[in-house]
Amino acid sequence: MALRPTPSTRTSKTWRLLADGLGEYWLETGDHQNPSGNMLYLKDDKYQLHAFWEDPKTKWRVVPVPGSGEFWLVTGPNHHQPGEMLFLSNSIWKSHAFWHDPKCQWRVMEVAYGLQPFMLSPAENWIVGAEGHRTYEDFLLIWQVGGTHIHNFNYDGRCRWLLKPASNGEVWLITGSEADDPNVMLYLKGDSFWVHSPANPDPKCTWLVVSAGDGGFWLVTSQNHHDPNQMLYISDGQWKHTGFWEDPKTKFRFLLNG
């Protein structure tokens, strides 16, 4: 989700709310801010920024304003300073103890959410079927001991992936730290999916993340891959692949906590 304090369309004012899956959010600077990919938090009565990581002391609550579609932004119970609400006054960010102040409300706007640079430095992502993905919208790609699996998106940390950048703009696709089979590199060879240790990254195992321009992506083996130019998708409850074309029913979303 993107946050703007007014109906402004200026991208330099856009923020991102990243859900933790438990009802709280991190508030992170948008792609056109400087710096981008930094999270905002309150500490020692000051607003501070640092590079995003899943810090439990920097999470916010989004408290709905009844009947209005707007929200109050309130520091969470484990925040450095809990129970404080964010507001603007004379273009200056301020805070005070939370109450239902009608002059401190915010509007949240949904935006297309795609793969961003901060998600690679390093961060673990879910790979989720995009809208219309062969009836598998919102299904996760999972590698478990023994092979490929899917299930409906549920914020399960065991299903996250690390997209490790290669030097040429491609990525290695590595299972996350909480996976059933963690820290292994996925590749395609001989029409089958395989994994091996990423200790010595194999240049024949890189992938391309091809933007569809709408927040969705195709996941495609690179030209130097063991089996090049093959796109990954879900069909009949299984991982499948075929020669890449811009098939609208094979797109994925990459989600970092929301």
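Residues numbered from 1 in each chain as written. Predicted model: local features only at pLDDT ≥ 70, side-chain atom pairs only at ≥ 80, totals over all residues. Heavy atoms only, no water.

**With respect to the side chain of T75**
For step 1, the next point in the chain: You can see T75 is positioned in strand β7 (residues 70–75).
For step 2, the next point in the chain: Residue T75 is classed as buried on the basis of its relative accessible area, which comes to 1%.
For step 3, the next point in the chain: Within the structure, the side chain of T75 is placed 2.9 Å from the backbone nitrogen of G83, a separation counted as a polar contact.
For step 4, the next point in the chain: Apart from residues no more than four positions distant in its own chain, T75 is found in contact with L42, K59, W60, R61, Q81, P82, G83 and E84. (Helix = DSSP H or I, 4+ residues; strand = E, 2+ residues; numbered from the N terminus. Buried < 20%, exposed > 50% of the residue type's maximum accessible area, 1.4 Å probe, protein only. Polar contact = N/O pair within 3.5 Å; in protein donor to acceptor, adjacent residues only side chain to side chain. Contact = heavy atoms within 4.5 Å.)

**Overview of the nonpolar core**
For step 1, the next point in the chain: With 21 residues, the main nonpolar core has L141, W161 and W239 as its most contacted residues.
For step 2, the next point in the chain: For this core, the elements supplying multiple residues, two or more each, are β12 (139–144), β14 (161–165), β15 (171–175), β16 (185–189), β19 (217–221), β20 (230–235) and β22 (252–255).
For step 3, the next point in the chain: Setting aside anything within four residues of it in sequence, one finds L141 in contact with I127, H149, I150, C159, W161, L232, I234, W239 and F252.
For step 4, the next point in the chain: The next biggest cluster of nonpolar side chains, apart from the first, holds 12 residues, and it includes Y25, L27, W60 and V62. (Core = buried A, V, L, I, M, F, W, Y, C linked by side-chain atoms within 4.5 Å.)

**Looking at the packing of aromatic side chains**
For step 1, the next point in the chain: Throughout the structure, instances matching the rule amount to 13 aromatic pairs.
For step 2, the next point in the chain: Between the aromatic rings of W218 and F244, the centroid separation amounts to 5.7 Å while the plane-to-plane angle is 65°, which identifies the pairing as edge-to-face. One end of the pair, W218, is in strand β19; the other, F244, is in the loop between β21 (238–243) and β22, and 26 residues separate them in sequence.
For step 3, the next point in the chain: Classification of W218 as buried rests on a relative accessible area of 5%.
For step 4, the next point in the chain: Given the relative accessible area of 23%, F244 is considered partly exposed.
For step 5, the next point in the chain: Aromatic ring contacts, followed pair by pair, group W143, W161, F193 and W239 into a single cluster.
For step 6, the next point in the chain: It is R160 that lies over the ring of W126; its NZ or CZ is 5.1 Å from the centre. (Phe/Tyr/Trp six-rings, centres within 6.5 Å; stacked < 30°, edge-to-face > 60°. Lys NZ or Arg CZ within 6 Å of the ring centre and 35° of its normal.)

Honestly, that's just the spatial picture; any functional story needs more than this.
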